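The residues making up each chain are set out below.
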Amino acid sequence: MTDYSNDIILTGDRPTGPLHLGHFAGSLANRLALQGQCRRQFVLIADLQALTDNAGDAGRVAQNVLEVALDYLAVGLDPTLSPFVLQSGVPELSDLTMLYLNVVTVARLERNPTVKAEIQQRGFARDIPAGFLCYPVSQAADITAFKATLVPVGDDQLSMVEQTNEIAFRINRLAGRDVLPEAKALLSTMPRLPGIDGKAKASKSLGNAINLSASSEEIARAVQMMFTDPGHLRVSDPGRAEGHAVFAYLDAFDPDRAAVEELRSHYRRGGLGDGALKSRLNDILQALLEPVRRRRKQFARDPAYVMRLIGEGTATAREVAARTLAEVRGVFGLAKIEPLPVDRKRLSATW
Ligand code: ATP
Ligand code: MG
């Protein structure tokens with residue numbers, strides 16, 4: 001087993017909606033596995049990043065901060081081991097973003113494949129919010145502020161980690177020494193869970209995901225609706241397992257790998273109906289999400305407590321980020337000023 005005891009982990013989620021099974025498969029499961037095994041793990045609720053394509057609906061972002069934290073607690077993230085950090089509560093991250101923007105070109109920002117795809121998906125055409133185009137730089141600030149060496153993410157985030165390392169390289173070159181470490185993406189065995197509609201990625205913004213907080217009925221309904229093989233008309237027909245959402249979810253969540261392989265061959269040969277597969281998946285998802293839903297309900301009774309946890313995590317994070325910011329400011333040679341107490345009497349003469 002790999003030794004992660006020296007690693008600092010940074011991961012996070014945009015508070016654009018409740019978390020779903022894609023988050024669980026792509027990132028949360030790894031965070032849970034590494035919690036307590038690594039040196040430290042910060043979990044960022046990226047509200048500033050969420051604003052970059054939700055500025056007109058800021059209430060949605062604010063509301064979902066609590067929802068995301070509840071999802072974290074519900075799956076078992078422990079804020080004493082993995083502090084929950086509110087991005088906008090750490091202004092040092094914005095300062096770092098501003099500094100990093102000086103070592104990134106617009107052409108490089110426009111080349112980021114994930115951002116490119118998201119611009120299309122959101123129909124921005126030529127009206128791309130500048131903040132949106134620059135969000136990989138803010139993500140570089142998030143990762144480097146904590147000097148993270150490991151980033152458990154889905155595969156849509158590989159290009160962000162790559163861009164982060166380019167920025168770190170430039171800062172280190174300016175400094176003439178290694179100020180910022182290299183960050184490695186940690187992919188799960190299911191780095192991109194498809195949507196229930198068979199689309200390549202289950203996503204909050206596409207509304208094609210099963211939320212971690214879904215009711216038992218919602219789970220059953222979603223499984224029933226899942227995309228299968230449209231050419232598989234009769235049970236006896238040979239079926240295609242590729243692109244079959246139920247198989248993708250079984251691959252992600254069924255612990256009995258051998259049984260899933262057997263089902264896959266059977267499906268390909270013919271003689272296995274989608275109903276049987278869906279029924280198996282439904283049982284697995286119900287068992288996985290029932291305790292999550294139960295714990296979430298318990299924590300949801302005391303939202304003030306959950307917000308206090310975020311407050312504590314954010315304060316811890318600020319201490320670390322402030323140290324990195326001081327170093328990076330030094331790299332750019334910014335003048336240092338001592339924060340002196342304000343002399344009200346002297347100011348009032350001129351103000
Ligand atoms: P949005 O649509 O608002 O961007 P999202 O569903 O893409 O939301 P994010 O908050 O952007 O979720 O992603 C948080 C983390 O979860 C990232 O590491 C991302 O790679 C991972 N993730 C999100 N969706 C999936 C998925 N379908 N499969 C695997 N990982 C995913
Ligand atoms: Mg996303």
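This is a predicted model, so every value here is computed, not measured.

Novice: Please explain the site of ligand 1 as it appears in this structure.
Specialist: In the neighbourhood of ligand 1, 21 residues make up the surrounding shell, with Thr 16, His 23, Asp 156, Lys 201 and Ser 205 lying closest. The contact in question runs from a nitrogen atom of ligand 1 to an N or O atom on the backbone of Gly 22, over 3.3 Å. Contact between ligand 1 and Gly 154: an oxygen atom at 2.8 Å from a main-chain N or O atom of the residue. Assessed atom by atom at 2 Å from the grid points, ligand 1 resides in the largest pocket. Elements with a minimum of two residues in the shell around ligand 1: β1 (8-13) and α1 (21-34). When grouped by side-chain class, the residues that make up the shell around ligand 1 number four nonpolar, 10 polar and seven charged.

Novice: Where do I start with the layout of surface pockets in this structure?
Specialist: By rolling a water-sized probe across the atoms, one finds the places where empty space is left. Counted as a void, the largest pocket has a volume near 930 Å³. Taken together, 45 residues form the lining of the largest pocket, with His 23, Glu 118, Asp 156, Gln 157 and Lys 201 sitting closest to its centre. Mapped onto the lining of the largest pocket, the elements with two or more residues apiece are β1, α1, α6 (113-121), α8 (135-145), β4 (150-152) and α9 (158-175). Per-element tally for the lining of the largest pocket: the top contributor is α1, with five residues.

Novice: Explain the domain arrangement of the protein to me, please; I cannot follow it from the model alone.
Specialist: By a frequent convention, interface size equals the accessible area lost on bringing the separate parts together. The domain boundaries assigned to the protein delineate domain 1 (8-193 + 302-350) and domain 2 (216-300). The C-alpha-based centres of domain 1 and domain 2 are spaced at 34 Å. Taken together, the 16 residues of domain 1 in the interface contact 14 residues of domain 2. Counting each side, the surface lost to burial between domain 1 and domain 2 is near 1,200 Å², with a carbon and sulfur contribution of 71%. Taken together, the connections running from domain 1 to domain 2 amount to two salt bridges. Ionic pairing is found between Glu 67 and Arg 296, a salt bridge with its closest N-O pair at 2.9 Å. Here domain 1 and domain 2 share five residue pairs in polar contact (both at pLDDT 80 or more) between them.

Novice: Is there a simple way to think about the packing of aromatic side chains in this case?
Specialist: Here the distance between the centres and the angle between the planes together describe a pair of aromatic rings. Counted by the stated rule, this structure contains seven aromatic pairs. Aromatic pair Phe 124 and Phe 132: ring centres 5.2 Å apart, planes at 70°, arrangement edge-to-face. Residue Phe 124 shares its accessibility class with Phe 132, and that shared class is buried. With 6.2 Å between their ring centres and 45° between their planes, Tyr 249 and Phe 253 make a pair best called tilted. A residue pair is termed a helical-turn pair when its members lie 3 or 4 positions apart in one helix, as Tyr 249 and Phe 253 do in helix α11 (residues 245-253) at four residues. Just as Tyr 249 is buried, Phe 253 falls in that class too. In textbook terms, an aromatic cluster arises when at least three aromatic residues are bridged by ring pairs, as seen for Phe 24, Tyr 249 and Phe 253.

Novice: Sorry, what's going on with the pattern of salt bridges here?
Specialist: A side chain with one charge may pair with a side chain of the opposite charge, provided their charged atoms come close. For the structure on display, the rule yields 19 salt bridges. Ionic pairing is found between Asp 71 and Arg 296, a salt bridge with its closest N-O pair at 2.7 Å. Of the two residues, Asp 71 sits in helix α3 (residues 58-75) while Arg 296 sits in helix α13 (residues 274-300), which places them 225 residues apart along the sequence. Side by side, Asp 71 and Arg 296 carry an identical accessibility label, which is buried.

Novice: Is there a simple way to explain unusual backbone geometry in this structure?
Specialist: One can expect most non-glycine residues to show negative phi and most peptide bonds to be in trans. Positive phi outside glycine occurs at Ala 125, with the angle close to 50°. A positive phi angle is found at Lys 147, which is not glycine, with a value near 55°.

Novice: What is the right way to read the nonpolar core from this model?
Specialist: What tends to happen in soluble globular proteins is that the nonpolar side chains get buried as a cluster. Membership of the largest hydrophobic core comes to 51 residues, with the highest contact counts inside it found for Leu 21, Tyr 72, Ile 210, Leu 212, Tyr 249 and Phe 253. For this core, the element with the most residues is α3, which contributes nine residues. When residues of this core are sorted by domain, at least three fall in each of domain 1 (8-193 + 302-350) and domain 2 (216-300). Residues in contact with Ile 210, not counting those within four places in the same chain, are His 20, Leu 21, Ile 196, Ile 219, Ala 222, Met 226, Tyr 249, Leu 285 and Leu 289.

Novice: Honestly, the pairing of strand β2 (residues 40-45) in this entry has me stumped. Any pointers?
Specialist: Taken across its six residues, β2 has five buried, putting it largely inside the fold. Here six bridges tie β1 to β2, and the two strands are oriented parallel to one another. Counterpart to Asp 13 in the pairing with β2 is Ile 45. After leaving β1, the chain enters α1 and then returns to the sheet as β2, a path that is right-handed. Bridge analysis of β2 against strand β3 (residues 84-86) gives three bridges, and the strand direction is parallel. What sits directly across from Ile 45, in β3, is Leu 86.

Novice: When you look at the packing of α11 against α13 in this model, what are you seeing that I'm missing?
Specialist: Each pair of packed helices can be described by the angle between their axes along with the distance between the axes. Look at α11 against α13: their axes get within 10 Å of each other, and the N-to-C directions meet at 40°. Relative to α13, the element α11 lies oblique. Crossing of α11 against α13: the hand is left-handed. On α13, the residues touching Val 246, Phe 247, Tyr 249, Leu 250 and Phe 253 of α11 are Leu 277, Lys 278, Arg 280, Leu 281, Ile 284, Leu 285 and Leu 288. Grouping the amino acids of the contact of α11 with α13 by side-chain chemistry returns 10 nonpolar, no polar and two charged.

Analysis parameters
Numbering of residues starts from 1 in each chain and follows the order in which that chain's sequence is written. Working convention: letters from A go to chains and numbers from 1 go to ligands, in the order in which they are written. This being a predicted model, a pLDDT of at least 70 is required before a residue's local features are given, and a value of 80 or more before pairs of side-chain atoms are given or counted; all residues contribute to the totals for chains, interfaces and linings. Values shown for side chains rest on all heavy atoms present in the structure; no hydrogens or waters enter the calculation. Note on definitions. A residue lies near a molecule or strand when any single heavy atom of the residue is within 4 Å of it. Identification of polar contacts relies on pairs of N or O atoms within 3.5 Å, with a donor-acceptor requirement for protein atoms, meaning one able to donate a hydrogen and the other able to accept it, and with residues adjacent in sequence counted only if both atoms are side-chain atoms. Cavity and pocket criteria rest on a 1 Å grid covering protein atoms alone: a 1.4 Å probe that fits but cannot get out defines a cavity, protein on both sides within 12 Å along at least 5 of 7 lines defines an open pocket, and an atom within 4 Å of a point defines a lining residue. For a molecule to be placed in a cavity or pocket, more than half of its atoms must lie within 2 Å of the grid points of that cavity or pocket. Strands here mean DSSP runs of E at least two residues long; helices mean DSSP runs of H or I at least four residues long; both are numbered from the N terminus. Residues are grouped as follows: Ala, Val, Leu, Ile, Met, Phe, Trp, Tyr, Cys and Pro are nonpolar; Asp, Glu, Lys and Arg are charged; every other residue, Gly included, is polar. Grid points are joined across faces, edges and corners, and a volume is the space filled by probe spheres set on the points. How far each domain reaches was decided by an automatic or database domain assignment. Whether two residues are in contact is decided by their heavy atoms: any pair within 4.5 Å suffices. Reported buried area values correspond to the accessible surface (1.4 Å probe) lost by two parts on association, with both partners' losses combined. Think of a salt bridge as a Lys or Arg side-chain nitrogen and an Asp or Glu carboxyl oxygen that are within 4 Å of each other. Each pair of aromatic rings taken from Phe, Tyr and Trp, with Trp reduced to its six-membered ring, is defined by centres within 6.5 Å and is described as stacked if the planes are under 30 degrees apart, edge-to-face if over 60, and tilted in the remaining cases. Only protein chains enter the accessibility calculation, which uses a 1.4 Å probe. A residue is then buried if its area is under 20% of the maximum for its type, exposed if over 50%, and partly exposed in between. Among buried residues, the Ala, Val, Leu, Ile, Met, Phe, Trp, Tyr and Cys ones that are joined through side-chain atoms within 4.5 Å form a nonpolar core. Pairing between strands requires that DSSP locate at least two bridges from one strand to the other. By definition, the crossover connecting two strands over a helix is right-handed if that path, from the first strand to the second, turns clockwise as seen with the strands pointing away from the viewer. Whenever a helix is involved, its axis is fitted only over the stretch in contact; in every case the axis is a line through C-alpha atoms, and angles between N-to-C directions fall within 0 to 180 degrees. Reported orientations rely on four angle classes, namely roughly parallel under 35 degrees, roughly antiparallel over 145, roughly perpendicular from 65 to 115, and oblique for the rest. Crossing handedness follows the turn of the near helix against the far one: under a right angle anticlockwise gives a left-handed crossing, and clockwise gives a right-handed one.

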